[in-house]
Amino acid sequence: MANILFIAPSSYPLNGPEAYVNAKVVKILSEAGHIIDIVSLKSERRDRHYPPESNNFYFQKANSINVVKVNTGKNISTVLNHIGCFLKTGFVYKGSDWAFKAIKKCEELVRKNDYEFIYTYDYPSEIVGLYLTKKYKIKWVATWNDPYIMQKYPKPYGNGINANIPANRLKLIKEIGKWTYKNIFPNERLRDYMLRYMDTMNPDSCIISPHIVLEDYVTNNKHKSKILRMVHSGSIGKERDPRNFFIALHNILKKNPDYKIEVTFLGINDRGKPEYIENLIRELDLENVIKFHPPIPYSQSLEFIRDYDICLIIEAQCEEGIFLPSKVADYLQALKSIFSLSPNTGVLNDLWNNKLIPYFGDIASVQSIENEIEVIISDYNNQSLKFESKAISYFGNKRVCQIHTDLLSK
């Protein structure tokens, strides 16, 4: 069994999707017998959108939890920590102040423990991982659940793969590629996207490990009513524009006014366009169809979605979908049929083609979405909504744990 220094700013306390993705890794590795010391971040910046939880379900067998706090906003402490980060590591960017304080805590732990691996997740843990692996020669396993860096996100999320970035960040990218022992990605498309600009990263170091479904806790509440109920968990608006989905719903209900459909959005509505969603709903006469529910703690959200028939994924209109939304695993955890509105070339379409999700519509095509809603309505009326059961084993904790076990035994 391995001793692992698990550096994940988003992990404990549990305060959003990224934290739960990382906490599940802690759970399966610690329960497999690996010794996990967590270094995490406590900051109001990461708590503001999602209600935090004090749920220790994921951390019961972790060896220790070390929370490194940082001040938020513009203050002398923040400035000094940014300067300290640059002087100590040679790298700095907005938000890297935590890395400076985290390195101090990590070095305390390194002096006390014989770590075989460093795991890093989310900004700015990569600065910490790089510093420690160079100084102490501990094998560094970096997980990339999203593209690095944010400016390189595909449009409309960022400026695309050819985005110009500061020289200091470009140097950091090259150093990361040189020093990582292994690089974990949730899917092949994200791996291939990042390898196009992280040209010092060894492709043989890359491992695919999806988000986790905890197989022993899979439960289902089969909702039965005369209304087809759909739910979307997470933010919409701005990049994740539901316009084409709403138009498709409008068209179907106009042609078939007897159809009974209810769609609930759980979470943050309209992050970047004030009143855009509400105006769209009024324009399309969907006030009696679309409902909203404010964000609730993650554990409650899993209970919430069990009362629905279809779980929705709405992605941005990217040229290529390279993201694996964490909600895929959440929906599977509740044994719910997934309807993904995503780019026709992308990760979710791959899952659909491989029969890991049952329903798919091209987010750029109203007709494609409309056609798939008709299929869903027909299946619902025939009491035959599809669920791809083999997805449980693909995303299941047993398979993911084995991926890590193989990595750690080399």
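As a reminder, the structure under discussion sits directly above these lines.
In this report, the structure presented in the accompanying data block is examined. (Residues numbered from 1 in each chain as written. Predicted model: local features only at pLDDT ≥ 70, side-chain atom pairs only at ≥ 80, totals over all residues. Heavy atoms only, no water.)

With respect to the helices, strands and loops of the structure, alanine 329 is situated in helix α10 (residues 327-333). Taking the C-alpha atoms as reference points, alanine 329 and alanine 163, separated by 166 residues in sequence, lie 31 Å from one another. Every residue in contact with alanine 329, bar those within four places of it in the chain, is listed here: Lys24, His211, Ile212 and Val213. (Helix = DSSP H or I, 4+ residues; strand = E, 2+ residues; numbered from the N terminus. Contact = heavy atoms within 4.5 Å.)

In this section: the sheet that holds strand β7 (residues 206-208). Ordered in space as β3-β2-β1-β4-β5-β6-β7, the seven strands form an open sheet in which the pairing is parallel. Edge positions in the open sheet fall to β3 (64-69) and β7, since each of these has one partner strand only. Between one strand axis and the next, the sheet turns by 20 degrees as a mean value, whatever way the strands run. One ladder, built from four bridges, connects strand β1 (residues 3-7) with strand β4 (residues 117-121); its direction is parallel. Along β4, the bridge assignment pairs leucine 5 with isoleucine 118. Sheet strands touched by helix α6 (residues 188-195): β6 (182-185) and β7. Its angle to β7, the strand with the most contacts, is close to 160 degrees. (Pairing = 2+ DSSP bridges. Axes fitted to C-alpha atoms, helices over the stretch in contact; angles between N-to-C directions.)

Another point: the packing of helix α7 (residues 243-255) against helix α12 (residues 366-381). At a closest axis distance of 9 Å, the pairing of α7 and α12 adopts a crossing angle of 55 degrees. On the basis of the axis angle, α7 is oblique to α12. Pair α7 / α12 crosses with right-handed handedness. Across the interface between the two elements, Asn244, Phe245, Ile247, Ala248, Leu249, Asn251, Ile252 and Lys255 from α7 touch Val366, Ile369, Glu370, Ile373, Glu374 and Ile377 from α12. Counted by class, the contact of α7 with α12 contains nine nonpolar, two polar and three charged residues. (Parallel < 35°, antiparallel > 145°, perpendicular 65-115°, else oblique. Left-handed = near helix turned anticlockwise from the far one by under 90°. Nonpolar A, V, L, I, M, F, W, Y, C, P; charged D, E, K, R; others polar.)

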